[in-house]
Amino acid sequence: MDIEAIVKKMTLEEKAKAVEGFGFWWTQEFPELGVPQIQVSDGPHGLRKMYGTPGKESETITAVCFPAACATACSFDTELLSEIGHAIGKECQAEDVAVILGPAVNIKRSPLCGRNFEYISEDPYVAGKLASAIINGVQAEDVGTSIKHFAANNQEFERMYGSSEVDERTLREIYLPAFEMAVKEADPWTFMCSYNRINGTYSSENPWLLNDVLRKDWGYKGMVMSDWGAVSDRVAGIAAGLDLEMPGSDCVNVERICKAVQDGELEEEALDTAVKNVLRLVQRGIENRRDEVFDHEKDHKFATEAEKECIVLLKNEGKVLPLAKEEKVALIGGFAENPRYQGGGSSHIESFKVVSALSLAEKYGTFTYNRGFSEKEDVVDEKLQQEALDAAKDADKIVVFAGLPDVFESEGYDREHMKLPACQNLLINQLVRTGKPVIVVLHNGSPVELPWADDVAGIVEAYLGGEGVGEAVMDVLYGNVNPSGKLAESFPIKLQDNPSYLNFPGSEHKVKYAEGLFVGYRYYDTKQMDVRFPFGYGLSYTEFRYSNLRVSRDSFTADEGVTVTVDVTNIGDRAGKEVVQLYVADKTGSTIRPVHELKGFCKLALEPGETKTATFTLDKRSFAWYDVEQGDWYAPNGLYTVEVGSSSRDIQYTADVRIVGSMVKPPVISPDTQIGELLENPYTKEYTMECLKPYIDKYTHGHSSDEMIMALVRFMPIRGFRSFLYLSNEEVDSICEGLKKNIEEQMKQENDA
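Description of the structure in this document. (Residues numbered from 1 in each chain as written. Predicted model: local features only at pLDDT ≥ 70, side-chain atom pairs only at ≥ 80, totals over all residues. Heavy atoms only, no water.)

1. Points about the packing of aromatic side chains
Consideration 1: Taken as a whole and assessed by the stated rule, the structure comprises 22 aromatic pairs.
Consideration 2: Ring centres of Phe76 and Phe535 lie 6.3 Å apart, and the angle between their planes is 75°; on these two criteria the pair is classed as edge-to-face. Placement of Phe76 in the loop between helix H3 (69-72) and helix H4 (78-94) and of Phe535 in the loop between helix H17 (521-526) and strand E18 (544-551) is noted, with a sequence separation of 459 residues between them.
Consideration 3: Judged by centre distance (4.9 Å) and plane angle (65°), the rings of Phe150 and Phe179 are edge-to-face. Of this pair, Phe150 sits in strand E4 (residues 144-150) while Phe179 sits in helix H7 (residues 177-185), placing them 29 residues apart in sequence. (Phe/Tyr/Trp six-rings, centres within 6.5 Å; stacked < 30°, edge-to-face > 60°. Helix = DSSP H or I, 4+ residues; strand = E, 2+ residues; numbered from the N terminus.)

2. Section: the sheet that holds strand E15 (residues 438-443)
Consideration 1: Overall, mixed pairing links the six strands, which are arranged E10-E16-E15-E14-E11-E13 in an open sheet. On the outer flanks of this sheet lie strand E10 (312-316) and strand E13 (366-370), each paired with one strand and no other. Going from strand to strand, the sheet's axes swing by 20° on average, the running direction of each strand aside.
Consideration 2: With six bridges connecting them, strand E14 (residues 397-403) and E15 associate as parallel partners. (Pairing = 2+ DSSP bridges. Axes fitted to C-alpha atoms, helices over the stretch in contact; angles between N-to-C directions.)

3. Side note on the packing of H4 against helix H5 (residues 124-139)
Consideration 1: Contact pair H4 / H5: the axes reach a minimum separation of 6 Å and the direction vectors enclose 35°. The way H4 lies across H5 gives a crossing that is right-handed. Across the interface between the two elements, Thr78, Leu81, Ser82, Ile84, Gly85, His86 and Gly89 from H4 touch Lys129, Leu130, Ala133, Ile134, Gly137 and Val138 from H5.
Consideration 2: Counted by class, the contact of H4 with H5 contains six nonpolar, six polar and one charged residues. (Left-handed = near helix turned anticlockwise from the far one by under 90°. Contact = heavy atoms within 4.5 Å. Nonpolar A, V, L, I, M, F, W, Y, C, P; charged D, E, K, R; others polar.)

4. A word on the layout of surface pockets
Consideration 1: Of the voids in this model, the largest pocket is the one considered here, and its volume is about 650 Å³.
Consideration 2: Among the residues making up the lining of the largest pocket, the classes are represented as 10 nonpolar, eight polar and five charged. (1 Å grid on protein atoms, 1.4 Å probe; cavity = no way out; pocket = protein on both sides within 12 Å on 5 of 7 lines; lining within 4 Å. Points joined across faces, edges and corners; volume = space filled by probe spheres on them.)

5. Observations concerning the pairing of strand E26 (residues 638-647)
Consideration 1: Taken across its 10 residues, E26 has nine buried, putting it largely inside the fold.
Consideration 2: Pairing of strand E21 (residues 576-586) with E26, which is carried by six bridges, proceeds in the antiparallel orientation. Within E26, the residue paired with Tyr583 across the bridge is Glu643.
Consideration 3: One ladder, built from nine bridges, connects E26 with strand E27 (residues 650-659); its direction is antiparallel. Following the sheet pairing, Gly645 is matched in E27 by Ile651.
Consideration 4: Following E26, the chain reverses through two residues before pairing antiparallel with E27. (Buried < 20%, exposed > 50% of the residue type's maximum accessible area, 1.4 Å probe, protein only.)

6. Topic: the nonpolar core
Among soluble globular proteins, nonpolar side chains are generally buried collectively.
Consideration 1: Core analysis: the biggest nonpolar cluster contains 146 residues, and Phe150, Phe401 and Leu477 have the highest contact counts within it.
Consideration 2: If one sorts the elements of this core by residue count, H5 sits on top with eight residues.
Consideration 3: Residues in contact with Leu477, not counting those within four places in the same chain, are Leu321, Pro322, Leu323, Val399, Phe401, Ile439, Val441, Val460 and Tyr541.
Consideration 4: Residues Val562, Val566, Val580 and Ala655 belong to the second largest nonpolar core, which totals 29 residues. (Core = buried A, V, L, I, M, F, W, Y, C linked by side-chain atoms within 4.5 Å.)

7. A short note on the packing of H4 against helix H12 (residues 296-308)
Consideration 1: Orientation of H4 relative to H12, taken along the N-to-C sense of each, is 160°, at an axis distance of 11 Å. Taken as axis vectors, H4 and H12 run roughly antiparallel relative to one another. With respect to the hand of their crossing, H4 and H12 are arranged in left-handed fashion. Touching Leu80, Glu83, Ile84, Ala87 and Glu91 of H4 are Asp299, Phe302 and Ala306, all from H12. (Parallel < 35°, antiparallel > 145°, perpendicular 65-115°, else oblique.)

8. Points about empty space enclosed by the protein
Consideration 1: In the structure shown here, the tally under the stated rule is six cavities of 30 Å³ or more.
Consideration 2: Computed from the structure, the largest cavity encloses a volume of approximately 150 Å³.
Consideration 3: Contributions of two or more residues to the lining of the largest cavity are made by H3, H4 and H5.
Consideration 4: For the lining of the largest cavity, the element with the highest residue contribution is H5, accounting for three residues.
Consideration 5: For the lining of the largest cavity, the residue count by class is 13 nonpolar, two polar and no charged.

The values reported here are purely geometric and, on their own, carry no functional implication.
Right, here's the structure in full:
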């Protein structure tokens, strides 16, 4: 297609029509202009394509349900995520789908968010890396992705109207980096803006978000579409950079757009830009179309293998796991028979084949099964409970399949609490009292409170593991697979421990992100607060030893960066995989920051006795924080500590490094500038000592060497000399002008050098 020529031929009405979808899943077509339609489809952990002709879709096709993002994130495996992307991309080609709507990378601010199962992590680095991997996989198959939901969409409560009240530094450091990383490392074909407002402005009509940040700061060249029904003011959206409104609404906004252009309210150039972005997407979808086979059986097997990489072993007291084939095992809980393997809402897949643990149990060992409790509701059935307790008496070990029923978490609403159903907790406590070892397998989309965690012998976190979760869990329980998953989110002991607790879900149509940067482990670790399980945590059936931490240089400029390596050895008797994690701690004291932040991870597969080296490259962003005053990332000179370990709470080795050569921020000079700030800054220290010392000496009566007196001076603004030394306003202004001039001269000398 000659897009420029097509746009020139279009009438104003055709242009206005082109930036609206057709029906729920299609773009508009213009046969007379040679513009066909393309179809998009829900995702992101499987293909949720609707049957039917454009605008008349009905039921969804049968597809393969891969593990949800809450599970795949725990793999910490970019290669695995890329492979999942390839598989989904091929399925899209087989079903003539041009764009799949995902991945979803919103930060897990609160465990209560009803859509957390679709989201990757509480950490933006993990979310960005894994999202980039799956995007690259899908798009390598010539199918587009739509990374979502842009941005600060971290709850379902009032999701289509509420305003996320969050400062720019927090946005830049926590809620935007995953999107930014995806732009720079994967270049998704489309972005999907979120429903919510950000500081009062809808994402769908937010020029700062869609133009200033996404396109200007990050250089994004693709198309931006709305979430389904996210548009409030369509004209404002076009002006702000929203290209395509979804779904189609029978062209209700066409007349509004045309009138806005005719009245000069909307520049036609802005509309043309949106039309061109939509047509480029259509062109990519059409030109990259190819025949492909949707091999359901093959993809089911792959989905099962993928979940085996995601399961997290949280507790294994006395090496109660793996189970032995000859042991008598009591399987208890409705999830053993009917596993919860996906979440509700727009990501729900009509699954090809769901395999339960119960259906496979005979292949693994000797067992009995009792339901014990329902997997669908929180109801105590005394008869079912007693049958389970009776069966447990004859067992060597008890495995309880527990979790959250479908109704507990879904798109559209948030959870009200962080608890498992009371009927499950009741039975687990009763089973513990039998004295038999109890292992609990969890099926949930986000953290739950575990009041019995100290009493059971084993805990296995399966999350929502896709349609093959039953086989994957049994392989882990019986040791056919050595678990290697690590938590991509912290498990607090109770809901009240979460940093967003006092401000979730908000009131008066606003939610204040008052915790700022301190989300997840950034909060728990900085406060040294007890958690049930820390970020990055997960056990194995083997053991690993870290050694020989090395840094390529201990002093460097921010632009040079540094390489960090560490050796990891499998000192156990079976093969396993270890997720090596690297955190950076800022010791410069330049601003308030979390005690440490994840800046690298690496998954190593190791045979018994084998040693491999994990290598990390740290650049400026690995050390920097976002300075709103400068409008840029800032890595100040000074000391940093590189930490390497197996979780955020299990740091094995550390090394100190130092950044030199960064531009030092000069203080903002005004009568309100504090004396201490001037004495501490290299740009003003010498001048302050020369020019202000007479005033300081006079104020301290010659006791400027006295620490207590100088502590008072430290926080006194320059204007304080007016009150205590009777300087005139003119004299104070003269001091300020001298400081400004001195700073300018020094900066000029540095630039010339």
